[in-house]
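For reference, the chains in residue letters:
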Amino acid sequence: MTDIAREAGVSVPTVSRVVNGRSDVSPATRARVERLLRAHGYRRRTGAPGTGAALVDLVFNDIASPWAVEIIRGVEETARAAGLGTVVSALHGRSGDARQWMRNLRARASGGVILVTSVLEPVLHDELRRLGVPLVVVDPAGSPVLDAPTVGATNWAGGLAATEHLIGLGHRRIGFVAGPPRLLCSRARLDGYRAALEGAGLAVDDALVVPGDFSHASGFAGGGALVELDDPPTALFAASDQMALGAMEALRRRGLRVPEDMSVVGFDDLPGVRWSAPPLTTVRQPLAEMGRTAVRTVLRLARGEEPDARRVELATELLVRASTAAPGRAGTGRAPGAR
């Protein structure tokens, strides 16, 4: 659409209005744009009124997590209300999968793509633009995709709030189980953690920051690594609920109690964490609402309208439950007899 707009000497929204059959375009402009659409091999799509399509594509790198399910729920609810179906795909970081997905996309009436914590090769991104398929990115993996609106959460503020909560309880050595460093949301949560420590006059000890990948297993490994330090923390903040639950299991297997021997905070507020033992203190990010916002943005782009903002960050909220308390055994973080 960008290429056609440039050749026709009009704006991208004007091209979109022609594609969607809007009446607020002059006959001469419409004829010029339609000629270029035919020259570029554009195929009109049919579907829900005002969108020019019957489907919206939701694309993840991986969907094997409750986190992904919450985003799917928000997307599906809003798409269905607009008369659209939802196609969910996982690319698994493989180029072959991405190219197969693009071949499938060309064959169906997709009115837009919502890309979640994934990266498309530049050639595939260019192909979406050539086909006139709107793109919205949720939690961009790296630098935001050019010309694509993004939807996320206030990850830095969430990381800050979680760490400040632990500091307010009296903890001075606070571990952090980080998410994948390639993701902007991971880096923002880590920066929030560091900012809270620095704001309280506490040193940022790199030994207390361990790697993770948002999975239970990496939380289990990270929690175990932290508690085995010569001077272990009295609290830990995990950059996802799944890692927090994994860390709690690592502590349990070592005879440690949460929060008596170590406080634990997560991030996401996934369904079920309020029923963990003990219920998990966490930072809620509105995952379903992020999905809803992404669909509403795609629909606006499909109608040739500009979104209210190119970058939307929905507010996070600290939810205090029973997994955090004041330090029980200052300076040790170990239960009697634990090794």
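As a convention, each chain's residues are numbered from 1 in the sequence order in which they are written. Where totals are concerned, whole chains, interfaces and linings use all residues; where local detail is concerned, this predicted model gives features only for residues with pLDDT of at least 70, and gives and counts side-chain atom pairs only at 80 or more. To get the side-chain values, all heavy atoms of the structure are used, and hydrogens and water are removed first.

**Things to note about the overall build of the chain**
Note the threshold: Here a strand is any run of E in DSSP of at least two residues, a helix any run of H or I of at least four, and the numbering for each starts at the N terminus. Relative accessibility under 20% of the residue-type maximum defines a buried residue, over 50% an exposed one, and the middle range a partly exposed one, all with a 1.4 Å probe and only protein chains included. Whether two residues touch is decided by their heavy atoms; if any such pair falls within 4.5 Å, the residues are in contact. Here the open area of atoms and residues is found with the Shrake-Rupley method and a 1.4 Å probe, where only the protein chains shown may cover a residue. Charge assignment: positive for Lys and Arg, negative for Asp and Glu; neither His nor the chain ends contribute. Charged groups are reduced to one reference atom each: NZ for lysine, CZ for arginine, CG for aspartic acid, CD for glutamic acid.
When its secondary structure is counted, the chain shows 11 helices and 12 strands. Taken over the C-alpha atoms alone, the chain extends approximately 80 × 35 × 30 Å along its principal axes. Across the 339 residues in the chain, those meeting the buried criterion constitute 52%. In the chain, 72% of the contacts between residues at least 6 apart in sequence involve partners at least 24 apart. About 14,500 Å² of surface is accessible on the chain, with carbon and sulfur atoms providing 54% of the total. Separation of charge centres in the chain, based on 41 positive and 36 negative side chains, amounts to 6 Å.

**A few points about the layout of surface pockets**
The test is simple: Both site types are read off a 1 Å grid over the protein atoms alone. A 1.4 Å probe that fits but cannot get out defines a cavity, while an open set with protein on both sides within 12 Å along at least five of seven lines defines a pocket; lining residues have an atom within 4 Å of a point. Grid points are joined across faces, edges and corners, and a volume is the space filled by probe spheres set on the points. When residues are sorted by character, Ala, Val, Leu, Ile, Met, Phe, Trp, Tyr, Cys and Pro go into the nonpolar class, Asp, Glu, Lys and Arg into the charged class, and all the rest, Gly among them, into the polar class.
Its boundaries defined by the atoms lining it, the second largest pocket holds a volume of some 450 Å³. Lining the second largest pocket we find 22 residues, and of these Asp 62, Ser 65, Trp 67, Asp 213 and Phe 214 sit closest to its centre. Tallied by class, residues from the lining of the second largest pocket come to 8 nonpolar, 8 polar and 6 charged.

**Digging into the packing of helix α5 (residues 95-107) against helix α6 (residues 122-131)**
What counts is decided by this rule: Angular values range over 0 to 180 degrees, each being the angle between N-to-C directions of two axes fitted as lines to C-alpha atoms, with helices fitted over their stretch in contact. When describing relative orientation, an angle under 35 degrees is termed roughly parallel and one over 145 degrees roughly antiparallel, while 65 to 115 degrees is termed roughly perpendicular and anything else oblique.
α6 packs onto α5 with a crossing angle of 10 degrees between their chain directions and a minimal axis gap of 11 Å. What the angle tells us is that α5 and α6 run roughly parallel. Of α6, the residues touching α5 (which contributes Ala 98, Arg 99, Trp 101, Met 102, Leu 105 and Arg 106) are Val 123, Leu 124, Glu 127, Leu 128 and Leu 131. Split by residue class, the contact of α5 with α6 holds 8 nonpolar, no polar and 3 charged.

**As for the pattern of salt bridges**
Convention followed: In what follows, salt bridge is the name for a side-chain nitrogen of Lys or Arg lying within 4 Å of a carboxyl oxygen of Asp or Glu.
Within this structure, the stated rule accounts for 21 salt bridges. The salt bridge partner of Arg 173 is Asp 205, with a shortest N-O separation of 3.4 Å. In this pair, Arg 173 is assigned in the loop between α7 (155-168) and β6 (174-177) and Asp 205 in the loop between α8 (184-199) and β7 (209-210), connecting sequence segments 32 residues apart. For Arg 173, a relative accessible area of 23% gives the class partly exposed. Between Arg 296 and Glu 289 there is a salt bridge; the shortest N-O distance is 2.5 Å. A residue is classified by how much of its surface remains accessible, and Glu 289, at 27% relative accessible area, is partly exposed. Linked by salt bridges that have partners in common, Glu 70, Arg 73, Glu 77, Glu 289, Arg 292 and Arg 296 make up one network.

**Let's talk about the packing of aromatic side chains**
Centre-to-centre distance and the angle between the planes together describe a pair of aromatic rings. Let me state the cut-off plainly: A pair of Phe, Tyr and Trp rings is counted when the ring centres sit within 6.5 Å of each other, with Trp represented by its six-membered ring. The angle between the planes then sorts it: under 30 degrees is stacked, over 60 is edge-to-face, the rest tilted.
Following the criterion strictly, the structure yields 3 aromatic pairs and no others. A ring pair is formed by Phe 60 and Trp 67, whose centres lie 6.4 Å apart and whose planes are at 80 degrees; its orientation type is edge-to-face. Centre to centre, the rings of Phe 176 and Tyr 193 are 4.9 Å apart; their planes meet at 25 degrees, and the pair counts as stacked. Here Phe 176, found in strand β6, pairs with Tyr 193, found in helix α8; they are 17 residues apart in sequence, far enough to count as distant. For Phe 176, a relative accessible area of 0% gives the class buried. Through a chain of ring-to-ring contacts, three or more aromatic side chains come together here, namely Phe 176, Tyr 193 and Phe 237.

**Some details on the confidence of the model for the chain**
Heads up, the rule is: The pLDDT value tells you how sure the predictor is about a given residue, anywhere from 0 up to 100.
This prediction gives the chain a mean pLDDT of 88; 91% of its residues lie at or above 70. Within the model, the stretch residues 46-51 combines pLDDT values under 50 with 19 contacts to residues more than four positions away or in other chains. In this model, residues 329-339 is a region of pLDDT below 50 whose contacts with residues beyond four sequence positions or in other chains number 26 contacts.

**Remarks on the sheet that holds strand β5 (residues 150-153)**
Counted only if it meets this: Strands are treated as partners if at least two bridges between them are detected by DSSP.
Strand order in the open sheet formed by 6 strands is β2-β1-β3-β4-β5-β11, with parallel pairing between adjacent strands. A strand with exactly one partner marks an edge of an open sheet, and here the two such strands are β2 (85-90) and β11 (311-314). In this sheet, adjacent strand axes meet at a mean angle of 20 degrees when their direction is disregarded. Bridge count between strand β4 (residues 135-138) and β5: 2 bridges; the pairing is parallel. Counted as the bridge partner of Val 138 is Val 151 from β5.

**Here's the deal with helix α3 (residues 27-39)**
Structural remark: α-helix, 3.6 residues per turn; residues separated by three or four positions point the same way. In plain terms, the rule: In this scheme, a helix's expected span is set at 1.5 Å multiplied by one less than its residue total. Here, the arc refers to the directions that run from the helix axis to the C-beta atoms.
Compared with the 18 Å implied by 1.5 Å per residue over 13 residues, the 18 Å span of α3 between its first and last C-alpha is a close match. Taken together, the buried positions of α3 are Thr 29, Arg 30, Val 33, Leu 36 and Leu 37. For α3, the buried positions fall inside an angular range of 135 degrees around the axis, keeping them on one side. Of the residues in α3, the exposed ones pointing more than 90 degrees away from the buried face are Pro 27, Ala 28, Arg 38 and Ala 39. Next to the buried residues of α3 lie α1 (2-8) and α2 (12-19). One or two residues past the end of α3 sits Gly 41, with phi positive at roughly 75 degrees.

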